[in-house]
Structures are given as structure tokens and as C-alpha cells.
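Descriptive analysis of the structure
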Amino acid sequence: LGIGLVPKYYFYPWKKISLYTFAGLNINFTKAAYQDNEWQTDKEFGMLDPDDTGPYNPYLEKNTGLGVISGFGAEYDLNDKLGFYFSAGYQFILFDEANFKASEHIEHFQALSFQAGVRWSFLKSKKL
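For the structure given in this document, a descriptive report is provided here.

A short note on a nonpolar patch on the surface
Residues Y9, F11, Y12, W14, I17, L19, Y76, L78, F84 and V118 make up a contiguous nonpolar surface patch of about 1100 Å² in total accessible area. Only β2 (8-11) and β3 (17-31) provide two or more residues apiece to the nonpolar patch. On the accessibility criterion, L19 (47% relative accessible area) is partly exposed.

Following this line, the structure appears as C-alpha cells:
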């Protein structure tokens, strides 16, 4: 879950095609449950070694971190209420290294995103 503030800056917003850039900060809450199904199946069928104490789990399961997001996009307005958009962005999230169970798995989250869609305004929109 990410919560943030990412404002857009429009270049020539009064045109039918509006180009924009965006940048902002966010806080991210990561939670992922891990279950070793192979180990569980081996346990059910009695195939584990006698000294086996439990499944191996080196994965990050919980983290809260700050992130940044930036990118650019374009909007095409058909009329005051309907338009199309495309955007591309880069996101970086800092993970707390103390939350990793194995030091060789320490890394921060990075992602490229591409979005396209329809923008519908149920009220008459005005660009500032």
C-alpha cells in the first residue's frame, strides 16, 4: 500500500493535447506472507529429515519505507468531460535493511510503470 502526494505540472494545458510531468513522495507499507508449500507437503508425508526444525524463509515479509515517484505523460481531451491519457514513471522505495532475514537479499524496490486509460469527469472540468 502506498500513500503519497504526486503533483502534476502541465505544459500548455489549454491545448487539446496536454503534456505533463509529475514528481512526488510517498510512504509504502509492504506486507507479504510466505508459506513453503513443498516443506509442508514433505511434513505431511513424513519425508522430512529428523533434525528439520522448520521451513527456510529468507524473504522480506514486512516493511515501511519512504519512496519517490517521477515521470511524464500526455492527455488528449475529446471534450470537457472525456479524454484519454498515457503516462510513464519510475518509482524507488527505500527498504529498511534490518527487516531482511538474509544479508544477501538486501535491496530496495525499483519499478518502471506505464499506464493508459480513459479520463471521465462527471463535473465540468477546468484546467488552471
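On we go from here.
A few points about the pattern of salt bridges
Oppositely charged side chains can form a pair if their charged atoms are brought close together. In this structure the tally under the stated criterion is 4 salt bridges. A salt bridge links E61 to K101; the nearest nitrogen and oxygen atoms lie 2.6 Å apart. Taken as a pair, E61 in the loop between α1 (37-44) and β4 (62-77) and K101 in the loop between β5 (82-93) and β6 (109-120) lie far apart in primary sequence, 40 residues in all. Judged by relative accessible area, K101 falls into the partly exposed class, the value being 46%. The salt bridge partner of R119 is E75, with a shortest N-O separation of 3.8 Å. Here the residue R119 occupies a position in strand β6, and E75 occupies one in strand β4, the gap between them amounting to 44 residues.

Some details on the environment of G73
Relative to the assigned elements, G73 resides in strand β4. Look at G73 and you get buried, because its relative accessible area is 7%. Each C-alpha atom of the pair G73 and K31 lies 30 Å from the other, and the pair is 42 residues apart in sequence. Residues contacting G73, with those up to four places away along its chain left out, are S18, L19, Y20, F86 and S87.

Quick notes on the packing of aromatic side chains
Throughout the structure, instances matching the rule amount to 4 aromatic pairs. Summarising the aromatic geometry, the rings of Y10 and Y20 are spaced 5.5 Å apart at their centres and angled 55 degrees between planes, so their arrangement reads as tilted. Here Y10 is found in strand β2, whereas its partner Y20 is found in strand β3, with 10 residues between them in sequence. Judged by its relative accessible area of 26%, Y10 falls in the partly exposed class. When its relative accessible area of 4% is taken as the criterion, Y20 is described as buried. Centre to centre, the rings of Y20 and F22 are 6.3 Å apart; their planes meet at 40 degrees, and the pair counts as tilted. A relative accessible area of 12% places F22 in the buried class. Above the plane of the ring of Y20 lies K8, whose end atom (NZ or CZ) is 4.4 Å from the centre.

The rules behind the values
- Residues numbered from 1 in each chain as written.
- Predicted model: local features only at pLDDT ≥ 70, side-chain atom pairs only at ≥ 80, totals over all residues.
- Heavy atoms only, no water.
- Patch = residues over 30% accessible without salt bridge, like charges linked within 9 Å, V, L, I, M, F, W, Y side chains within 5 Å.
- Areas by Shrake-Rupley, 256 points an atom, 1.4 Å probe, with all protein chains shown as cover.
- Salt bridge = Lys/Arg side-chain N within 4 Å of Asp/Glu carboxyl O.
- Helix = DSSP H or I, 4+ residues; strand = E, 2+ residues; numbered from the N terminus.
- Buried < 20%, exposed > 50% of the residue type's maximum accessible area, 1.4 Å probe, protein only.
- Contact = heavy atoms within 4.5 Å.
- Phe/Tyr/Trp six-rings, centres within 6.5 Å; stacked < 30°, edge-to-face > 60°.
- Lys NZ or Arg CZ within 6 Å of the ring centre and 35° of its normal.

Read these as layout, nothing more, since geometry by itself doesn't imply function.
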